[in-house]
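What the coordinates show
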Protein chains: 2
Amino acid sequence: MDTTLEAAAPLTGSELARLDAYWRAANYLTVGQIYLMTNPLLREPLRREHIKPRLLGHWGTSPGLNLLYAHLNRAIGMRDLNAILVTGPGHGGPAIVANTWLEGTYSELYPSVSRDEAGMARLFRQFSFPGGIPSHVAAEVPGSIHEGGELGYSLMHAYGAAFDNPDLLVACVIGDGEAETGPLQGSWLSNVFNNPARDGAVLPILHLNGYKIANPAVLDRIPREDLLAILRGYGYRPYVVEGDQAEAVHQGLAAAFDRALDDIAAIQRHARTTGEAVRPRWPVIVMRTPKGWTGPKRVDGRQVEGTFHAHQVPLDGVRRNDEHLRQLEQWLRSYRPEELFDATGAPVEEIAALAPRGDRRMSANPHANGGTVLRDLVLPDYRTYGVEVTRPGDPRSEATRMLGGWLRDVIRANPDRFRLFGPDEVASNRLDPVFEATDRRFLAERRENDEHLGVDGQIVEVLSEHLCEGWLEGYLLTGRHGIFTSYEAFIHVVDSMVNQHAKWLKVTRGIPWRRPIASLNYLLSSHVWRQDHNGFSHQDPGFIDHVVNKRAEVVRVYLPPDTNTLLSTMDHCLRSRHYINVVIAGKQPAPSWLTMDEAILHCRRGLGIWEWASTDEGAAPDVVLACAGNVPTMETLAAADLLHRHLPGLKVRVVNVVDLMRLQPDSEHPHGLLDTQFDTVFTTDRPVIFAFHGYPSLIHRLTYRRTNHKNIHVRGYKEEGTTTTPFDMVMLNDLDRYHLVIDVIDRVPALRTRAAHLRQAMVDARQRCRDHTRRYGEDAPEITDWRWDPESVTNP
Amino acid sequence: MDTTLEAAAPLTGSELARLDAYWRAANYLTVGQIYLMTNPLLREPLRREHIKPRLLGHWGTSPGLNLLYAHLNRAIGMRDLNAILVTGPGHGGPAIVANTWLEGTYSELYPSVSRDEAGMARLFRQFSFPGGIPSHVAAEVPGSIHEGGELGYSLMHAYGAAFDNPDLLVACVIGDGEAETGPLQGSWLSNVFNNPARDGAVLPILHLNGYKIANPAVLDRIPREDLLAILRGYGYRPYVVEGDQAEAVHQGLAAAFDRALDDIAAIQRHARTTGEAVRPRWPVIVMRTPKGWTGPKRVDGRQVEGTFHAHQVPLDGVRRNDEHLRQLEQWLRSYRPEELFDATGAPVEEIAALAPRGDRRMSANPHANGGTVLRDLVLPDYRTYGVEVTRPGDPRSEATRMLGGWLRDVIRANPDRFRLFGPDEVASNRLDPVFEATDRRFLAERRENDEHLGVDGQIVEVLSEHLCEGWLEGYLLTGRHGIFTSYEAFIHVVDSMVNQHAKWLKVTRGIPWRRPIASLNYLLSSHVWRQDHNGFSHQDPGFIDHVVNKRAEVVRVYLPPDTNTLLSTMDHCLRSRHYINVVIAGKQPAPSWLTMDEAILHCRRGLGIWEWASTDEGAAPDVVLACAGNVPTMETLAAADLLHRHLPGLKVRVVNVVDLMRLQPDSEHPHGLLDTQFDTVFTTDRPVIFAFHGYPSLIHRLTYRRTNHKNIHVRGYKEEGTTTTPFDMVMLNDLDRYHLVIDVIDRVPALRTRAAHLRQAMVDARQRCRDHTRRYGEDAPEITDWRWDPESVTNP
């Protein structure tokens, strides 16, 4: 069987000794971080006052991580590999930090944590300590592109990093806890989308240590052959290393890495010399070692090593329990620190020499600090891809399809650094012009009736929002660019992943050596208002609310109302850095309101008065009709049209909002309008009828500090949905043109009697539309062309 | 190999003919729903005006669903099975609706859609029609517990339905699109938690039809042996049926069902007679048939059947294209409706007879309308499980551990209808008393060092929030009760699943024959303020914001401040029906504020003035200190204490909020306070310093319509986090007692000069605490016991 490494013993005695010394050093430094305030080298007997008052951290996974790090270093040295490490069990922070200190990178980036006794003392003290560093493999850790707090995403991050990085090896440790999650299990098939000729290699390392916090790990408790069958079924060749005897495990692991890396080299050589792009059988390493290996075997009469009791801090009473203190000292000394560190406290030469040099260190690899290798996109001039607007509303166009034309040329101009990810919705979201330039990458079997499927495509589609998100994050974090296009409702599938990425962006803004990366761009089409085929389950605009909770400095939300504004917005997003940009756009044929020049100006302002649709002629309006989102904009303009025609004296101001963050005060968001600007646009005392794409509460939330807030009346999605016609959908939620007119009449005191007739006409029109729709199954002719009539307004 | 069904031909000629006729009838009714407005039985030649104006729906998956439904009906009849069907490809709505009409259930529940020609016409017309029914297998469809709009959750719903339902067979069709999602792949191992002696059986049916919207299905494009290896590795025995010749597929599928159901019977018999509870190798059926099978082969010169072009509506131009119209008529007539329906339009006897009788019909099985089989929980009197509060603040107790004592007895009293689901956090969330009564259910290998692991446990833990959520939903939807306990931050993993369940609850409130089910209860401990081991990645209180977007009638959010209020709250939640209850509680030792009687009263009111901590003595206060959440409550009481001691003349009112929805106007939420009540508590003009557990904006959002809103000043989580001490965390977010005092001084005009000294003292105290923490790694002694001093206040 390909998985046994029959008594392979590739290491000479001295190699084994060196690896083991390195491993012991990393373990020593790990335990030191968890426990010690001072006395880092145990130059004096351990006393209570050397111990931290709060013992925090995760020991259980750490010895395994240290072992893998040591062996990866050996392999990098032997083969001059360009490698990074994704640490799925990211709560093993002290382990990875220990290795980066041993390699010297840590001290280069944080000079006060020098590679000597004083630095070691700081290294220990700062860990999980107030004002120090977090307990996880966080953004502060050199070489990390992945904080492991929320489990499930290591392997997808690894694949995202490997895409279009042909020389890169991404080693990815997967904990057996994480391996239970759906997203991780869904990640194994990422190999269907990885082209050995054009992409880098991912080497997954499934680390079985048998336990989670208090439970066994499921994958360690099913028959081992079943586990291997799963991995083989997912297309891998597993190499298994199992044991609790250090020497044998060292030999087995070295053999496993040798075989796995030989496999990868052979796979890539074959693909790159023959040009044959088939899905190979990539290697995977399965390593079974005891949880908390080399830690205390038993504590207080209870087994700890090899059980879940080793998960966090195995000896938790050290400050008040002499026996614990003694056990801790014995544990620390079992690594023989005196052999590992020299008189100054630096790692001895034998250990330091195991680490690769310079950028070859995983902790210093530029790909793990993506901003340093980021190259700007070559962006064709989007202004030439727009629609020629002859008058507001003409012609109708499909915004995303027009955008697709530009994206096609973005793809062409950036074959090595730009990708579009989506769950089978690139075509459905009408971005299909991109297929003139590229295919969907797919390495599994291709058949005659497939369309736009190829081994080199820059589009990656799989029915998993998790994978799309995780791949794109990995791709961005290693210095490339991309867009995730999805149905609006289902982007909630990755809410928690967005949280974690937002946290990463927030934290890295404060880490000087981390360079800005390209923004994470969402293009949400097939939105709440146009789910003609699908109905209620597909109707949810709450993703905006979700991202607005994130730190203001990382979040941007755009609702371009038509084609030209969408183009301008996406160009802006693709040029931006270190943000999360959410763009919501229509895909159906719809009016085009602004010429390209107007669109550019409007997008630059973020919001503005549409004078051509307004009748206030610069004076104080009687009412403000505000709108955000393509469908609400259309309804608002139709309402304005009705008002213009039926209440010609009424001074209506139409305001459109593209950049939602403009509504917030400037104290809350960098895009926020000054209060004076806001008051100028929205007035301080006139009724504002705000037609919004999403849940109405968001507009209140963004504007509640504004002078005129009490007069802002918002219509939006109020969770009324089903499979029905587009106009019926807006009627169900009182967002339709007729209802907006009713709202104006109800809010402008002067109109209550004067416009009673019109109000009734609106009520009747709604009923007529509803009846027509119920009867004929389609929107009433009076609104089916969704047309605002520009003739009804005298342009100022 | 166990997977081949070598030329098995279990069906006699007449059986085969009957199955095929039933299948044709269901297919005919499916196509009719997608296309026809009138002329349902094609009594006259098809004309354009018989066709719906908007052609919406999903044909591609439907013939496969119809085939499976027919064969399941055969099996139910042969074996008198108690079976329900979970339809993963839930967009195949017309197929399932067709079957429920054939079975008669549809007409029983919707009498106007009778089983005759007029009813058939209504059946066709209403589908995906305004005012009609949705396009998916929605809550309106009899027999459904699963709307398939968002893909990934069918198999976990199926397992949840099977748990503690020993006689139930849950057949679960999984589409090959859905099968790509992480959550679905993570669901296969659900069999580790299913006890053949005590739980029902799940029969997964993986339906490969090869394509999604525009892409091939990955699992159909990896080598078939790899797919089977995955399924075997996950512990299943696959039976494969593949073909595009109806007769052979009928025979193969009948054989597959026979074999699979024999396996299940043998597994259950063995487990139930021997008492041997091991994880058996459950069967799974893999069915490969063409997408859009029996539909148009080619349209406009392009192949449709067997390709992704069959996904939605294969002939989309019927109303304007005579050739399409001709093809449609040919297609419909190919099913030979004249043989399938009698003169009245009812299914002929041969077809009707295939359907099971009464409750045996999958569409009428009471388990699929969980409220009908729901039995109340036997709830021990929670009042005897609380803590004896001698004076406010004493004693300290761990709220979740005390709750655990009550839950232990809830578990004991309800062995057949109550479960606790969690991702390995029941112990970590300190609910451990439950282990005195039960184990964690686990059917894979158990080892010596495992704790509280058993084959019959009522606790189910797996490191997958998706599974916990999906299992619990399935369990609730089939009429049982449960709680999902999770870290607060990671409950976002299931945001989108919560959306779908909330939609289900909302819609079913309007369906008279759907009976209310038990509420979906979340117990979120290990919350944002106490992530001592984990830091920033574990700090996110935004789930509340997420659920508040759902319809008010289904959402409840509770923040009990101490042990007794937690007990009272959970008792209420477990008695409630058809809600989503979010409960956020502390697990650390913390002050107990209210006696049980006070707690009950306080929880009943939802919010209230804590007079014993207030100094306004019923008069108008100078300031209101409001709080929600256990940590903010402690800081607020400590701030009140400081104010009482240092500004004895100041009239402070302390208000605690347990039921967050009380803050909303009564027009927005059924729990909302009347404005007059709100004004009485929060005043109309005094400053309110509101210390909140989550993001501050939520309090503004809930209260923005209140009279005094402009004076409400909220402190909460502002996305500042890391691994640090508990008090440092509240300081980082300006939620600490000292900052609350500063806020009071800054907001009460009279104090600005009078309390300048105190203000500076507070600034100094914060600095002192910060310095101490940075230096010693622990909270300063002055706050470590987190004690509010009741002696400082003269009780009124």
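Residues numbered from 1 in each chain as written. Chains lettered and ligands numbered in written order. Predicted model: local features only at pLDDT ≥ 70, side-chain atom pairs only at ≥ 80, totals over all residues. Heavy atoms only, no water.

Our working rule: UniProt positions are given in the numbering used here, feature names are shortened, and annotations may be inferred rather than shown by experiment.
Under an unreviewed UniProt entry, chain A has the name Probable phosphoketolase and belongs to Phytohabitans houttuyneae. Its UniProt record gives chain A a comment under Cofactor (unreviewed entry), which states: "thiamine diphosphate". According to the UniProt record, the Sequence similarities (unreviewed entry) comment for chain A is "Belongs to the XFP family."

Re the sheet that holds strand E18 (residues 607-609) of chain A
All names here are of chain A. What counts, and what does not: When DSSP finds at least two bridges between two strands, those strands are taken to pair. Only DSSP runs of H or I covering at least 4 residues are called helices, and only runs of E covering at least 2 are called strands; the numbering of each starts at the N terminus. Every axis corresponds to a line fitted to the C-alpha atoms, with the helix fit spanning only the stretch in contact, and the corresponding angles, defined between N-to-C directions, vary from 0 to 180 degrees. What makes two residues a contact is simply this: any of their non-hydrogen atoms within 4.5 Å.
The strand order E18-E20-E19-E21-E22 describes an open sheet built from five strands, whose pairing is mixed. For this open sheet the edge positions go to E18 and strand E22 (712-715), each flanked by a neighbour on one side alone. The sheet shows a mean angle of 20° between the axes of neighbouring strands, taken without regard to direction. Both strand E19 (residues 623-628) and strand E20 (residues 652-657) contribute to a ladder of five bridges, which runs parallel. Paired with Val 623 across the bridge in E20 is Val 652. Along the sheet, helix H21 (residues 675-682) makes contact with E18, E19, E20, strand E21 (688-692) and E22, crossing E20 at roughly 130°. Docked against the sheet, helix H22 (residues 696-703) engages E21 and E22, running at close to 150° with respect to E22.

A word on the packing of aromatic side chains
Here a ring pair, both rings aromatic, is described through the centre-centre distance and the interplanar angle of the planes. Filter applied, for reference: For this analysis, a ring pair means two rings from Phe, Tyr or Trp (six-membered ring only for Trp) whose centres lie within 6.5 Å, classed as stacked if their planes differ by under 30 degrees, edge-to-face if by over 60, and tilted for the remaining angles. Exposure classes here rest on a 1.4 Å probe applied to the protein chains alone. A residue is buried below 20% of its type maximum, exposed above 50%, and partly exposed in between. By definition, being over a ring means that NZ of Lys or CZ of Arg is both within 6 Å of the ring centre and within 35 degrees of the ring normal.
One pass over the full model with this rule turns up 50 aromatic pairs over all chains. Both rings, one in A:Phe193 and one in A:Trp471, keep their centres 5.1 Å apart while their planes meet at 55°; by these two values the pair is tilted. Residue A:Phe193 is located in the loop between helix H7 (182-185) and strand E3 (201-208), and its partner A:Trp471 is located in helix H15 (residues 465-477); the two are separated by 278 residues in the primary sequence. A:Trp471 carries the same exposure label as A:Phe193, and that label is buried. Cluster of aromatic residues (ring-pair linked, three or more members): A:Phe163, A:Phe193, A:Phe421, A:Phe442, A:Trp471 and A:Tyr475. Here B:Lys503 stacks its cationic end above the ring of A:Phe536, 4.0 Å away from the centre of that ring. Sitting over the face of the ring of B:Tyr579, B:Arg556 holds its NZ or CZ atom 3.9 Å from the ring centroid.

Topic: the pairing of strand E4 (residues 236-242) of chain A
Every regular strand shows the same layout, with side chains that alternate between the two sheet faces. The line we're drawing: The crossover handedness rule: strands pointing away from the viewer, path from first strand over the helix to second strand clockwise, crossover right-handed.
Across the seven residues of E4(A), five count as buried, placing the element largely inside the fold. As a crossover connection, the stretch from E4(A) through helix H10 (residues 246-274) of chain A into strand E5 (residues 282-288) of chain A is right-handed.

Section: the sheet that holds strand E20 (residues 652-657) of chain B
Residues and elements named next belong to chain B. Read across the open sheet, the five strands follow the order E18-E20-E19-E21-E22; overall the sheet is mixed. Edge positions in the sheet fall to strand E18 (607-609) and strand E22 (712-715), since each of these pairs with one other strand and no more. Taken over all neighbouring pairs, the strand axes of this sheet differ in orientation by 20° on average, direction set aside. One ladder, built from five bridges, connects strand E19 (residues 623-628) with strand E21 (residues 688-692); its direction is parallel. Following the sheet pairing, Cys 627 is matched in E21 by Ala 691. Taken strand by strand, helix H22 (residues 696-703) contacts E21 and E22, and its axis lies near 150° from that of E22.

Considering the nonpolar core
What counts, and what does not: The nonpolar core is taken to be a set of buried Ala, Val, Leu, Ile, Met, Phe, Trp, Tyr and Cys residues, with the residues joined through side-chain atoms within 4.5 Å.
Formed by 470 residues in total, the largest nonpolar core has its most connected members in A:Leu660, A:Phe682, B:Leu660 and B:Phe682. For B:Phe682, the contacting residues outside a window of four places in its chain are B:Leu607, B:Val624, B:Ala626, B:Val655, B:Val657, B:Leu663, B:Val688, B:Phe690 and B:Asn708.

Notes on the pattern of salt bridges
Cut-off, in case you're wondering: Counted as salt bridges are all cases of a side-chain nitrogen of Lys or Arg within 4 Å of a carboxyl oxygen of Asp or Glu.
With the rule as written, the count across this model stands at 120 salt bridges over all chains. Note that A:Arg447 and A:Glu445 form a salt bridge whose closest N and O atoms lie 2.9 Å from each other. Taking relative accessible area as the criterion, A:Arg447 reaches 28% and is therefore assigned partly exposed. Under the relative-accessibility criterion, A:Glu445 is labelled partly exposed at 40%. Connected via shared salt-bridge partners are A:Asp220, A:Arg224, A:Glu242, A:Arg288, B:Glu445 and B:Arg447.

Looking at the relation of the copies chain A and chain B
Counted only if it meets this: Copy-to-copy superposition: least squares on the C-alpha atoms, limited to residues that have pLDDT of at least 70 in both copies.
After a rotation of 180° and a shift along the axis of 0.0 Å, chain A superposes on chain B with an RMSD of 0.0 Å. Look at the turn and shift together and you get a two-fold axis relating the two. When the interface residues of chain A are mapped onto chain B, 100% of them again lie at the interface, so the same face is used by both copies.

Looking at the packing of helix H14 (residues 399-413) of chain B against helix H18 (residues 563-575) of chain B
Residue and element names in this part refer to chain B. Selection rule: Crossing chirality is assigned from the near helix's rotation relative to the far helix, an anticlockwise turn below a right angle marking it left-handed and a clockwise turn marking it right-handed. As a working rule, the residues Ala, Val, Leu, Ile, Met, Phe, Trp, Tyr, Cys and Pro are called nonpolar, Asp, Glu, Lys and Arg charged, and the rest polar, with Gly in that last group.
Viewed as axis vectors pointing N to C, H14 and H18 meet at an angle of 35°, and their least axial separation amounts to 8 Å. Viewed along their axes, H14 and H18 form a crossing whose handedness is right-handed. Residues Ala 399, Thr 400, Met 402, Leu 403, Trp 406 and Val 410 of H14 pack against Thr 563, Leu 566, Leu 567, Met 570, Asp 571 and Leu 574 of H18. Tallied by class, residues from the contact of H14 with H18 come to nine nonpolar, two polar and one charged.

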